[in-house]
Amino acid sequence: MAAVASTTAAGHGAGGAAATLPADFYWGGSTSAFQFEGGASEGGKGKSVYDVPLRSGAKFDTASDFYHHWREDIDLMAQMGFSAFRMSISWTRICPNGDSTVNEEGIAFYRQVFQYLRQRGIAPVVTLYHWDLPLALAGKEAGWLSDRTVDAFLAYSRVCFERFGDLVCDWLTLNEDNLCTMLPAFQLLGPSAFGPNAPQVSEADTYRILHNTLRAHFGAVRLCHELCPGARIGCMLASSLAYPLTPDPVDVIAAQRHNRKTMWDFLDVCTHGTYNPRQAAAMLASGFKPNMRGADGTPFSADVYHMDFISFSYYFSICQADQESAAAEGATTVQTMYASFENPKLAKSSFGWTIDPTGLRILMNELYDRYGLPVMVVENGLGVKDDVLTEDGHVHDDYRIEYLRQHIAAVRATVLEDHVPVLGYLPWGCIDLLSASGDPAKRYGFVYVDFGAKGMPRYRKDSFAWYQHVIATRGAEL
Ligand code: BGP
């Protein structure tokens, strides 16, 4: 169901001051189980790769303690006017050992959360897999290298669709699955893969991992359509939009290569059901020959495995360049999962990430032009270590308001001026949670969680009332 621009009396289209987003646009926020839920040793939950002692000392066992705060947290979301909330199901709360044995306490926990969300007028948008692989399935020769994990994931997905399908209408398959090829060891061991003993993964095995996660994705899409007619399901992309550092065509080629390698190659197979010729050739050259059949034996095809939308995370853009051209420009290298160059035209947050709302608009246009599917922003936001809780319980996060204002304006322009069907805006960590590395100091939320205090009390930041007003005016007043 594509969102269309409102041009009624309530909103006067893109040009008018009162341009509103469509009434069915999802306003809300986003979390994941391992970073937000806690309750790791309660309710019959089994161990995941995040439930082992990590070098970082991260407290994923308690996280933001949503497990005990869910009613209060959902009330806060309802006060802000959320119409959707993205969360993930912890696989090992449903299937503690990663096999098909089901933990009824886990089912009951999520059912009460989904029921309460719906009671408060909030649609759950549910990620099936946000990195918390069952420990029983992890290992240097296992994880997503193994067919066993694909079968186990599909058994778990079936349980989710059968037991929650009456309450959940929007599903995401695997969080940021396109990171597979950049972080293959992570797909075997989870966060322990970042230690000194991280296994080296060959190119052929990297492709096998990617292929297995895609088989899991396709299988879940098919199961969802079979078991939950009327529900929508999509993939989840970690975006990494690259611009050419300069107009020199060699830089344009460098940016094109980056975008292809990190995003389009992945989305091509998700949407067309087949690898593009370039990627197929690279796979064969590595020695890996993909079996183009789903776990149920059905050949991949866009018809059988058709997904309903593309969801994605977007935090910043980057620049790519030919090495000689970058040297001539005196460009500064930025090393993350890949090397890139600083964009001299953009400001950065205090955390060092570029702030580029127009990049969000460019990305959504590009996604729609390429794939013709509605898009959903399921992660965005300003993660910084600047939030200070005052003695009287306030957090003055005007920097976050400014970031979100610019990005929501970009979403609004994308819908109202570019006519791209954007289903919703669900910024990351709407109530403070642990960063992916486990750091509690990097915060994104409208609600401050005092991790160090007894009972982890919640406090509304200044951005809370601001977002509440944005939602109440359907984005017309930022
Ligand atoms: C995405 C992950 C999220 C989240 C986010 C922010 O890649 O899907 O789980 O962590 O990044 O990153 P960080 O937590 O490092 O600030």
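Structure first, text after, so check above.
Residues numbered from 1 in each chain as written. Predicted model: local features only at pLDDT ≥ 70, side-chain atom pairs only at ≥ 80, totals over all residues. Heavy atoms only, no water.

## Let's talk about the site of the ligand
What surrounds the ligand is a group of 13 residues, the closest being Q35, E176, A436, K442 and Y444. One nitrogen or oxygen atom from the side chain of E176 is found 2.6 Å from an oxygen atom belonging to the ligand. One of the side-chain N or O atoms of K442 is found 2.6 Å from an oxygen atom in the ligand. In the complex, 87% of the free accessible area of the ligand, which totals 370 Å², lies under the protein chains. Looking at side-chain class alone, the shell around the ligand contains six nonpolar, four polar and three charged residues. (Near = heavy atom within 4 Å. Polar contact = N/O pair within 3.5 Å; in protein donor to acceptor, adjacent residues only side chain to side chain. Areas by Shrake-Rupley, 256 points an atom, 1.4 Å probe, with all protein chains shown as cover. Nonpolar A, V, L, I, M, F, W, Y, C, P; charged D, E, K, R; others polar.)

## Re the pairing of strand β5 (residues 232-238)
Most of β5 sits out of view: seven of its seven residues are buried. Pairing geometry for strand β4 (residues 170-174) and β5, over three bridges, is parallel. Paired with L172 across the bridge in β5 is G234. (Buried < 20%, exposed > 50% of the residue type's maximum accessible area, 1.4 Å probe, protein only. Helix = DSSP H or I, 4+ residues; strand = E, 2+ residues; numbered from the N terminus. Pairing = 2+ DSSP bridges.)

## Points about the side chain of S317
Considering the arrangement of structural elements, one finds S317 in the loop between β7 (309-313) and β8 (318-320). Residue S317 is classed as buried on the basis of its relative accessible area of 3%. At a separation of 2.7 Å, a polar atom in the side chain of S317 contacts the side chain of D356. Other than its neighbours up to four places away in sequence, S317 contacts L241, Y243, L346, T354 and D356. (Contact = heavy atoms within 4.5 Å.)

## What about the packing of helix α11 (residues 357-371) against helix α12 (residues 398-416)?
Here α11 crosses α12 at 30°, and the two axes come no closer than 8 Å. Judged by the angle between their axes, α11 and α12 are roughly parallel. Considering only the axes of α11 and α12, their crossing is right-handed. Contact with α11, carried on its side by P357, L360, R361, M364 and N365, involves Q406, H407, A410, V411, A413 and T414 of α12 and no other residues of that element. (Axes fitted to C-alpha atoms, helices over the stretch in contact; angles between N-to-C directions. Parallel < 35°, antiparallel > 145°, perpendicular 65-115°, else oblique. Left-handed = near helix turned anticlockwise from the far one by under 90°.)

## Observations concerning the packing of helix α7 (residues 203-227) against helix α8 (residues 249-272)
Look at α7 against α8: their axes get within 11 Å of each other, and the N-to-C directions meet at 35°. Remark: the crossing between α7 and α8 carries right-handed chirality. Note on element contacts: α8 touches α7 through F266, V269 and C270, opposite L210, L214, H217 and F218. Residues that form the contact of α7 with α8 fall into these classes: six nonpolar, one polar and no charged.

## Here's the deal with α12
Taking 1.5 Å of rise per residue, the 19 residues of α12 would be expected to cover 27 Å, and the 26 Å separating its terminal C-alpha atoms lies within 8% of that figure. Against β1 (26-30), α11, β12 (422-425) and α13 (462-472) lie the buried residues of α12. (Expected span 1.5 Å × (residues − 1).)

## Points about the environment of Q468
With respect to the helices and strands, Q468 occurs in helix α13. What makes Q468 partly exposed here is its relative accessible area of 31%. For the pair Q468 and A347, spaced 121 residues apart in sequence, the C-alpha to C-alpha distance is 27 Å. Sequence-distant contacts of Q468, defined by excluding residues within four places in its chain, comprise Q79 and M80.

## Notes on α8
An α-helix turns once per 3.6 residues; consequently, residues spaced three or four apart project the same way. Taking 1.5 Å as the rise per residue, α8 with 24 residues should run 34 Å; its terminal C-alpha atoms sit only 29 Å apart, a clear shortfall. Along α8, the largest kink reaches about 50° and is centred on R260. A positive phi of about 75° marks G273, the residue just after α8. (Bend = angle between axes of the 7 residues up to and from the residue.)

## Things to note about the pairing of β12
Looking at chain direction, β1 and β12 are connected through two bridges and run parallel. Paired with W27 across the bridge in β12 is Y425. Of the strand pairs in this sheet, strand β11 (residues 375-379) and β12 are connected by two bridges, and their pairing is parallel. Note on β12: the bridge partner recorded for V375 is V422. Tracing the backbone out of β11, into α12 and back to the parallel element β12 gives a crossover that is right-handed. (Right-handed = clockwise from strand over helix to strand, strands pointing away.)

Fair warning: the whole summary comes from geometry, so function is off the table for now.
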